[in-house]
Amino acid sequence: MAERTIAWPKFGQAQILGKDTPRVYDGAKKALGLAKYAADMNTPGTLFARLLTSPHAHAIIKSLNVEPAKQVPGVKAVHVFRGVDTEVRWEGELIVAVAAERPEQAEDGLRAIAIEYEVLPHWVDDFDLAGAEAAKITDKGEPLKLTKSQGNQKKGDVEAALQEAKYVHKGTYGSAVITHMCLEPHGSHCEWKGDQLISHLSTQNVSGTAGQFAGPLGIEEAAVSINCEFIGGGFGSKFAADEWGIACAQMAKETGRPVRLMLDRGTELKVAGNRPSSLAEVTVACDADGKITAWDSNHWGTNGTGGGTVSLTVTPYVYDPPNRRRTATGIVTHTGPQRAWRAPNHPQACAYTQTAIDDLAAVAGIDSLSFVRKNLDITGRPAVYAAQLDIAAKLMDWQAKWHPRGKGQNGSVKTGLGLALHTWGGAAHAATCLVKVHPDGTVETFLGSQDIGTGIRTSIGVVAAETFGIPMTSVRVHIGSNKYPKAGPSGGSTTIGGVSGPVRRASQEALWQVLDKVAAKHSVDFATLAVKDSKVWSGDKEVCTWKQACSLLGPMGIEVRGEGPKDDGLTSAQVGGVQMAEVEVDTETGIVRMKKMVAIQDIGLVVNRLTAKSQVLGSLIMGIAYALSEERIMDPKTGRFINADLENYKLPRIGDVGELVVEFYEPESEYSRGVIGIGEPPVISPGAAISNAVANAIGVRVPILPLTPKRVLDAMKGA
Amino acid sequence: MAKKRIVSTTINGDVTEFLCEPRQTLLEVLRDTLHLTGTKEGCGNGNCGSCTISMNGRPVTSCLVLAVEAEGADLRTIEGVARGSALDEVQQAFLEEAALQCGICTPGFIMQTEALLAENPDPTEEEVRFYLAGNLCRCTGYDKIVRAVLSAARKRRMTAEAAK
Ligand code: FES
Ligand code: FES
């Protein structure tokens, strides 16, 4: 029945919302190879750019002559990023871009450039804090900087609590720097039409990048058109126009030709972002009952030349004991700068917190699951975690499989179990949706948003189709252009709430306008009207078809705008999740094999079950990746990122992930919380859960992620 | 600069001639010269499988094939998989089972799956994981890809049965 209240359908009454909906709008294009990504843009006359990057981690450019490049056949433009006397601060930093008729000619152009560097001493080791302190290395003419974290990091009385504690555990933990490794690198295709810049940009931020082009190019923001129909992964690294994007636009302007500039794989990994490392010396204590009483931690790591490390705001992770102290030192390294990486700070904090706590449980002789249960009262979502732990334990068959640490089967291959908890916000970002209802009953939605692979197009269609009671195929969804109403960047799991709220609001208001016409025309009470199966109903009586109803709108149809977020219950924030891992460790080779992961995720109201589940599954492999294999390896001698390619930067393959079990925690109480984003939270727990499982299997902690065979064997040798 | 060569091939059933430099890869020619951009580039060195196509019935990573090597070859790319505008069983299964997210790895996975099913119409889960190990995906969790491949195989076998 039509009520003039903005709300979701009542629990259990939705037609499409919350069901499994395949990607009706763009899935076929992807499967057919017809989806166009930035690197696929190739309008007539397109020039192709290649980049000269620094082979040194730290150097001054002493001389640079790009003139010979301009003479190379096919070369049309040369763009200098960094000239003579510039201090280059990491390997891969961009020096020159060359655009030519063919990529090989651009490469010929690069080879013709004459450049000389004065190589300076570098520092790339983020694990060795003492070494960084002792190294007499300068950066920007000053001694290598170490930054201490500021602010009030203390709570309670840690010393006294450690004195009083029954069990105290001390250990070192951490995780290495990793990259985003989007399968489509960063880049764009730029073309000018008169004074208009048309950029096909691989971006998570369609509505927010025009100004980043306009400023440096000295043009009006209104003259910039940003287009991104498809993007091959971003994971937090693609929010900006970036200097290479601006160079692309500049070279296009200069030559009067379209230019395509995509980073090559190696450069991508060196310059386009990474996740900071975080090492920690942790002391953690509990009382005789296993209640955590104190946390004391000292952190270090790097985010590149910025000299930061993880933020301590979520340390210790999930648990908030009465006494805590935490300090951090960021190390300046001559490495590329960090960017937001799926759930910034959380995976690292989860990894060092929940491994340390699991070790404390082992010291106290309490099994991991009971220990976690005893401490749920110092988490933000005790009831949710408790319920999720029960579900997860059942799906994992925890009780039957559990053995105390290191006390599993004999033989060289050992199995183990581990678990971890996580939390995330996932509130809606700001966005506006324009909904058009045409006189023939078809509907269009417009949002300056982007589909970073999550299936947001389909989710928008689900919400509109649900609201109007029409099939998804009667809704056309438009995103991917900054000329549509503004929508926030896709980061922080904010998009699903960000777009579904405004789409629902605009659609409901448009629906009411249609139903007002129907009520007047057919002399029925508005309050009795409802839409379903492309028909308008009064109670169980069919009044007219949806198409007939829309014909009452007149030849122009209607347009309605919906905004968000609003405080009307369509969206909210804060979720918790529990994950359990089962691994098999070959103690002779040090190889860890995933047997099974169970992920239980609190999600609020599910818009599209199929794609929501994909977010969790995708998170699990990304988690398995940083837990077991992927890391940036810097060569201390040359200062180079020596595994910056897809052969030596190890990602899990399809046979490496084991069995993945995903369930949402969604009692009615969750549904009524409205839509909450969950693209990030499930990527947080795998590091700790898998590390705990490995410790359970082999009886010792492998302190640093990823748990490579070498680290596993080293840990066992040390034991 | 080396002289350009004319290469004659059959691509997706059509006789196709193209001009290329000896140093150009087949991937580059497909994408930039012939505008068959469904074949993607993830790494350029044979490690991600995004550029997988079929060459004389065998799956190859086209970034590791020189365009001149395609002389006389029968090539099939993702654009040639569908029957007209209708998705084939593999494409349909990838769509229905949500085995694609950002979609950049999808053409490569589909081409490798086509090769698998041509060789082995009834693969086990283990065989699927083994055969697709050269293809990387950063988004999907792989799980749904395995389900999609198995379901496509089932459907294709059923269609073949029915046709007997
Ligand atoms: S682009 Fe050919 S295998 Fe990656
Ligand atoms: S779907 Fe994005 S890489 Fe596979």
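Scoring rules and cut-offs
- Residues numbered from 1 in each chain as written.
- Chains lettered and ligands numbered in written order.
- Predicted model: local features only at pLDDT ≥ 70, side-chain atom pairs only at ≥ 80, totals over all residues.
- Helix = DSSP H or I, 4+ residues; strand = E, 2+ residues; numbered from the N terminus.
- Buried ≥ 20, exposed ≤ 12 C-beta atoms within 10 Å, placed from the backbone.
- Contact = placed C-beta atoms within 7 Å.
- Rg over C-alpha atoms; globule rule 2.2 N^0.38 Å.
- Nonpolar A, V, L, I, M, F, W, Y, C, P; charged D, E, K, R; others polar.
- Domains from an automatic or database assignment.
- Pairing = 2+ DSSP bridges.
- Axes fitted to C-alpha atoms, helices over the stretch in contact; angles between N-to-C directions.
- Parallel < 35°, antiparallel > 145°, perpendicular 65-115°, else oblique.
- Left-handed = near helix turned anticlockwise from the far one by under 90°.
- Expected span 1.5 Å × (residues − 1).
- Core = buried A, V, L, I, M, F, W, Y, C linked by C-beta atoms within 7 Å.

*Asks:* Would you explain the overall build of chain A in this entry?
*Replies:* Scanning chain A from terminus to terminus reveals 19 helices and 31 strands. In terms of overall dimensions, chain A has C-alpha extents of about 80 × 75 × 45 Å along its principal axes. Counting over 719 residues, chain A shows a buried share of 59%. Across chain A, every contact between residues at least 6 apart in sequence was considered, and the portion connecting residues at least 24 apart equals 81%.

*Asks:* Sorry if this is basic, but what is going on with the overall build of chain B here?
*Replies:* Secondary structure summary: chain B contains five helices and five strands in total. Reading the secondary structure of chain B in the N-to-C direction produces β-β-α-β-β-β-α-α-α-α. Taking 164 residues into account, the globule formula puts the C-alpha radius of gyration at 15 Å, and chain B, at 16 Å, falls close to it. For the C-alpha atoms alone, the extent of chain B along its principal axes is close to 50 × 40 × 25 Å. Expressed as a percentage of the 164 residues in chain B, the buried residues total 56%.

*Asks:* Sorry, what's going on with the interface of chain B and chain A here?
*Replies:* Across the boundary between the two partners, chain B contributes 49 residues, which contact 44 residues of chain A. When residues of the side of chain B that touches chain A are traced back to their parent elements, those giving at least two are helix H2 (89–96), helix H3 (106–119), helix H4 (125–131) and helix H5 (143–163) of chain B. In terms of residue class, the side of chain B that touches chain A is built from 23 nonpolar, 16 polar and 10 charged.

*Asks:* Is there a simple way to think about the domain arrangement of chain B in this case?
*Replies:* A common measure of how large an interface is: the accessible area buried when the components associate. Residue and element names in this part refer to chain B. The domain boundaries assigned to chain B delineate domain 1 (5–80) and domain 2 (89–163). Distance between the C-alpha centres of domain 1 and domain 2: 22 Å. Contacts between the two partners involve 14 residues from domain 1 and, on the opposite side, 12 residues from domain 2. Sorting the residues of the side of domain 1 that touches domain 2 by element identifies strand E3 (52–55) and strand E4 (58–61) as the ones contributing at least two each. At three residues, the largest contribution of residues to the side of domain 1 that touches domain 2 is made by E3. A breakdown of the residues in the side of domain 1 that touches domain 2 according to their chemical character gives five nonpolar, seven polar and two charged.

*Asks:* I tried to follow the sheet that holds strand E4 (residues 87–88) of chain A on my own but got confused; where do I start?
*Replies:* Note on sheets: strands pair through backbone hydrogen bonds, and any given pair is parallel or antiparallel. Residue and element names in this part refer to chain A. Taken in spatial order, the three strands make up an open sheet running E4-E2-E6, and their pairing is antiparallel. The sheet terminates laterally at E4 and strand E6 (114–119), the two strands that pair on one side only. Bridge analysis of strand E2 (residues 59–65) against E4 gives two bridges, and the strand direction is antiparallel. Paired with Ala59 across the bridge in E4 is Val88.

*Asks:* When you look at the packing of H2(B) against H5(B) in this model, what are you seeing that I'm missing?
*Replies:* If you want to describe how two helices pack, look at the angle between their axes and the distance between the axes. All names here are of chain B. Contact pair H2 / H5: the axes reach a minimum separation of 8 Å and the direction vectors enclose 140°. Looking at the two axes, H2 sits oblique to H5. In this structure, the crossing between H2 and H5 has a hand that is right-handed. Together, Glu89, Val90, Ala93 and Phe94 of H2 and Ala148, Ser151, Ala152, Lys155 and Arg156 of H5 make up the contact between the two elements.

*Asks:* Help me understand unusual backbone geometry, please; the structure alone is not making it clear to me.
*Replies:* Residues apart from glycine generally show negative phi values, whereas peptide bonds are mostly found in trans. In this model, Thr315(A) is joined to Pro316(A) through a cis peptide bond whose omega is -10°. Turning to its location among the elements, Pro316(A) is positioned in the loop between strand E18 (292–301) and strand E19 (323–331). Residue Pro706(A) is reached from Leu705(A) by a cis peptide bond, and omega for that bond is -5°. As for its placement among the helices and strands, Pro706(A) is situated in the loop between strand E31 (704–705) and helix H19 (709–718). Of note, the phi angle at Asn56(B) is positive, near 50°, even though the residue is not glycine.

*Asks:* Teacher, can you tell me more about the domain arrangement of chain A here?
*Replies:* Residues and elements named next belong to chain A. Domains assigned within chain A are domain 1 (38–120 + 186–262), domain 2 (274–426 + 572–718) and domain 3 (428–564). Contact residues are listed per partner, giving 10 residues for domain 1 and 13 residues for domain 2. Looking at side-chain class alone, the side of domain 1 that touches domain 2 contains three nonpolar, five polar and two charged residues.

*Asks:* In this structure, what is going on with helix H16 (residues 609–628) of chain A? I would like to understand it.
*Replies:* Residues spaced three or four apart along an α-helix face the same direction, because each turn holds 3.6 residues. Helix length check: H16(A), at 20 residues, gives a terminal C-alpha distance of 29 Å against a target of 28 Å (1.5 Å per residue), a fit within 8%. By the criterion of burial, H16(A) is predominantly enclosed, with 18 of the 20 residues buried.

*Asks:* Is there a simple way to think about the environment of Pro216(A) in this case?
*Replies:* Of note, Pro216(A) is situated in helix H6 (residues 210–217). Taking the C-alpha atoms as reference, Pro216(A) lies 9.5 Å from Gln250(A); in sequence the two are 34 residues apart.

*Asks:* Where do I start with the environment of Gly42(B) in this structure?
*Replies:* Here Gly42(B) is to be found in the loop between helix H1 (26–33) and E3. The residues touching Gly42(B), leaving out its near neighbours within four places in the chain, are Leu183(A), Leu646(A), Cys48(B), Ser50(B), Ile104(B) and Leu136(B).

*Asks:* I would appreciate a short explanation of the nonpolar core in the present structure.
*Replies:* Side chains of nonpolar character tend, in soluble globular proteins, to be buried together. Counting 272 residues, the largest nonpolar core has Ala49(A), Val98(A), Ala99(A), Cys248(A), Val694(A) and Ile145(B) as its most contacted members. Broken down by element, this core gets its largest block of residues, 11 residues, from H16(A). Dropping the residues within four chain positions of it, Val694(A) is found in contact with Gly416(A), Val583(A), Val585(A), Val592(A), Val702(A), Leu707(A) and Val712(A).

*Asks:* I keep staring at the sheet that holds strand E14 (residues 224–227) of chain A and nothing clicks. Help me out?
*Replies:* Residues and elements named next belong to chain A. What the seven strands build is an open sheet, ordered E3-E5-E1-E15-E12-E13-E14; its pairing is mixed. Across the chains shown, the open sheet's two edge strands, defined by having one partner strand only, are strand E3 (75–80) and E14. The mean angle between the axes of side-by-side strands here comes to 20°, regardless of whether they run parallel or antiparallel. Examined bridge by bridge, strand E1 (residues 47–53) and strand E5 (residues 94–100) share six bridges and lie antiparallel to one another. Across the sheet, Thr53 pairs through a bridge with Leu94, a residue of E5. Across the sheet, helix H3 (residues 103–112) touches E1, E3 and E5, and the angle it forms with E1 is around 30°. Relative to the sheet, H6 contacts strand E13 (196–201) and E14, its axis offset from that of E14 by approximately 140°.

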